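Next come the chains, spelled out residue by residue.
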Amino acid sequence: MFFGDEREKPKISFRSQKGASLPSRQDFVQTSQQQREERHRQKLRENSSKTIQKVWRRIRASRRTDEEERKRWDIEIKSASWNDLESMHSTISRLSLFYSKRIDLNRLDLLCEKITSLYNSHTASNQASKTDRKVIVFTTREEALKWAIVFKRILSHSSQRLTENLQVHFRFLLFFTNPDIFGYELVGDNNQQESNVLKKKCNNIMTSQLGGGELVSSIRNLMMKFSTDKNFLHLLMTIAVRSLQFSSPSKSKEESKDFKGNAFHFVWEILSIKNLFGKLNVQSQVMLANLSTILFSFNPQSLFPNESASNLVLKRSRMDMEEEEKIPLETTRNDWILSNSFGISIILEKPNPDQRGTNLMTASLQFIDKLMRVCYTKKYFSKSFVDSEFLEPLRKFVVVSSIKSMLNFFPVQPNLKTGEERSIQKTFPTGFLHLCSIIIHFQSNWEEQKSPLLNSISFGTSIVRRLWIGMSGTVELSQLAAEGRGESQEIAPLLLLFTKCYSHLLFTMDDEEFFQQTVFNLDELVKMISILKNIAYKMFVADRNDELRESIVSLLQQLYDRNARKTFCNEMHWLVDGLRFMDIDSALASRSLDQEILKNIPFVVPFDVRIAKFYEAIDDDRNNNQSDYFNTERARIRRDGAVDVEAGSEENLKSRRSVMSRRDDHEHHDGCNHDHSK
């Protein structure tokens, strides 16, 4: 019997095969690594295919769903009556869910147009019935917040379509950025304060995305395009102000930072429009002035990069001025921000000053002062600059009525605590300091307005006395009198403005009016002289030769002339403290310092010292210029003298001359019979 397999078994040999070699360990590891990497790549390819298919299925399903929603929405919007808020909210929210800029622009236009027509019909109904019913009324807190989120999206989409479909979206934004069209009649809510809080919160939500760059650019372009239609510009400004006015910063630091950035960007863009205030009506100007407070909290220094296009224009303008070429200087957008900022200040000074008006004026002047230090303002006052529209706000700013109004915004005397150390910051309001800095900048650089501006502030205001009474006794003035340098940034423009104005006032004041003590009494003048003489002397010692020193010296000279005609200040009081008993040679060590002090303020040095210095100067001049002498013949005196005069040499005119007698034998002249004279 056979129990085996009919198929032939393979023959297996257990003997070693000669010549066959096994793979090494390194080859085996390398092969295994390659196989592992190949399996990993294959797995990644499979996962990628699955992910792509999953995403595509989701996108396809989403598109199919959106298309179905669009079809239903198109049918619904045509027959929508919107008798209740729920149906209206459903239609608007469904569009915001599938909205796409590429596909649904026409649907957005249709929706905004239908909502606008609803607003118009509601307004007409109110006028007919003489009632004031709100367009949309919320009865619950949840309903109000739900509507705020929906309108936030629609307003944002509409703002992006403003320039493309102006007729529809301009009206929609104008109507529905107005918070007064919404009513908040909360059921069971008897607290009006809670309703106001909810209203403010909903307004913030609705307009939170309107302050971005697209709306800013759209409004700016439209304002430039329709610059002649002041009513339309006013409505554009209304939309812009509403979009920022109700978007007050929340408690979140990030949201607060975004709000400030958006508001600042908008105001900066609007103020850079050329001759903006000539294009706006009065209501729009006031509106912009109130909104511009957001601009004043920024430092202009950070807005002027070194390599910006505006600076390139300024560099070219500087070159034009240095070469004195008759080329009209260009104005940049940053220049117009400065000009329009002056226009804002002129608007702010018109209302009666209150705390809010004072704060606005202070912020405006502070911003202008900082911006003027950054801008190349000297070009505005050159002969090559002929833009009258640009200079118009600056000219209105410096008239006596405007300066008087601005000075009235700030209190005359601050409320200092007893024993409190006086300083410039504590004595003068901040806005007053910046106003003085702006005035002195104009007075120093604007040649056309130097005399009119000086007349306005010297004769039309009481700023002279106010400046000195405020400065005297402050730490900064005492430090300046003691050192002559290192004064704070605030004291220099104040002291310069005071000395210029008081000097100008003294030019027109006769002795009778002066001694009637109309501005300062004699005791105050004596104290003033005591401080100013020390400041002037210390500035000479510190070698400070600037406009402030010249102005102080000029005022001291005028006061000394008054005192010379009729004494009101003892002669010893004019001497600088310390020079009466100090060694004069150590105090006036430098020869040039001697000459500068004796030439400009000789009255600060004792009279006998001045006489000694005078004779000392004569001796030095004689020793330096008359140590040598020149020979000349008596017959040639006139000719040699004429030659020296024509040459203009001071040394030759002061030198000694040796006049010789003429002899027949001139070659053997030994110089013994000479007649020497100067």
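Everything quoted here is computed from the prediction, not taken from an experiment.

1. Comments concerning the packing of aromatic side chains
The geometry of an aromatic ring pair comes down to the distance between the two centres and the angle between the two planes. Within this structure, the stated rule accounts for 28 aromatic pairs. In textbook terms, an aromatic cluster arises when at least three aromatic residues are bridged by ring pairs, as seen for Trp336, Phe342, Tyr380, Phe381, Phe390, Phe397, Phe442 and Trp446. Across from the ring centre of Phe432, 4.2 Å away, lies the NZ or CZ of Arg466, which sits over that ring. Stacked on the ring of Phe515, the Lys or Arg Lys566 has its end atom at 4.8 Å from the ring centre.

2. Re the side chain of Arg562
Among the secondary structure elements, Arg562 is positioned in helix α24 (residues 547-565). Discounting residues that sit within four places of it in the chain, Arg562 has contacts with Leu506, Met509, Asp510, Asp511, Phe514, Phe515 and Phe568.

3. Points about the confidence of the model for the protein chain
Note: predicted coordinates in regions of low pLDDT should not be interpreted at a detailed level. Per-residue confidence for the protein chain averages 76 on the pLDDT scale, and 74% of its residues sit at or above 70. The low-confidence segment residues 247-253, where pLDDT is below 50, has 11 contacts with residues more than four positions distant or belonging to other chains. Low confidence marks residues 305-326, where pLDDT is under 50. Its contacts with residues over four positions away, or in another chain, come to 24 contacts.

4. Focus: the nonpolar core
Phe442, Met471, Phe498 and Tyr502 are the most contacted members of the largest nonpolar core, which totals 154 residues. Contact partners of Phe442, with chain neighbours within four places excluded, come to Phe342, Met372, Phe381, Leu394, Phe397, Val398 and Leu453.

5. Let's talk about the packing of helix α17 (residues 430-445) against helix α21 (residues 491-507)
Between two packed helices, what matters for the description is the angle formed by their axes and the separation of those axes. For the pair α17 and α21, the least separation of the axes is 9 Å and the interaxial angle reads 60°. Taken together, the axis directions place α17 and α21 in an arrangement best described as oblique. The hand of the α17/α21 crossing is left-handed. Contacts from Phe432, Leu433, Cys436, Ser437, Ile439, Ile440 and Gln443 of α17 reach α21 at Pro493, Leu494, Leu496, Leu497 and Lys500. Taken together, the residues of the contact of α17 with α21 break down into 9 nonpolar, 2 polar and 1 charged.

Cut-offs and rules
- Residues numbered from 1 in each chain as written.
- Predicted model: local features only at pLDDT ≥ 70, side-chain atom pairs only at ≥ 80, totals over all residues.
- Heavy atoms only, no water.
- Phe/Tyr/Trp six-rings, centres within 6.5 Å; stacked < 30°, edge-to-face > 60°.
- Lys NZ or Arg CZ within 6 Å of the ring centre and 35° of its normal.
- Helix = DSSP H or I, 4+ residues; strand = E, 2+ residues; numbered from the N terminus.
- Contact = heavy atoms within 4.5 Å.
- pLDDT = per-residue confidence, 0-100.
- Core = buried A, V, L, I, M, F, W, Y, C linked by side-chain atoms within 4.5 Å.
- Buried < 20%, exposed > 50% of the residue type's maximum accessible area, 1.4 Å probe, protein only.
- Axes fitted to C-alpha atoms, helices over the stretch in contact; angles between N-to-C directions.
- Parallel < 35°, antiparallel > 145°, perpendicular 65-115°, else oblique.
- Left-handed = near helix turned anticlockwise from the far one by under 90°.
- Nonpolar A, V, L, I, M, F, W, Y, C, P; charged D, E, K, R; others polar.

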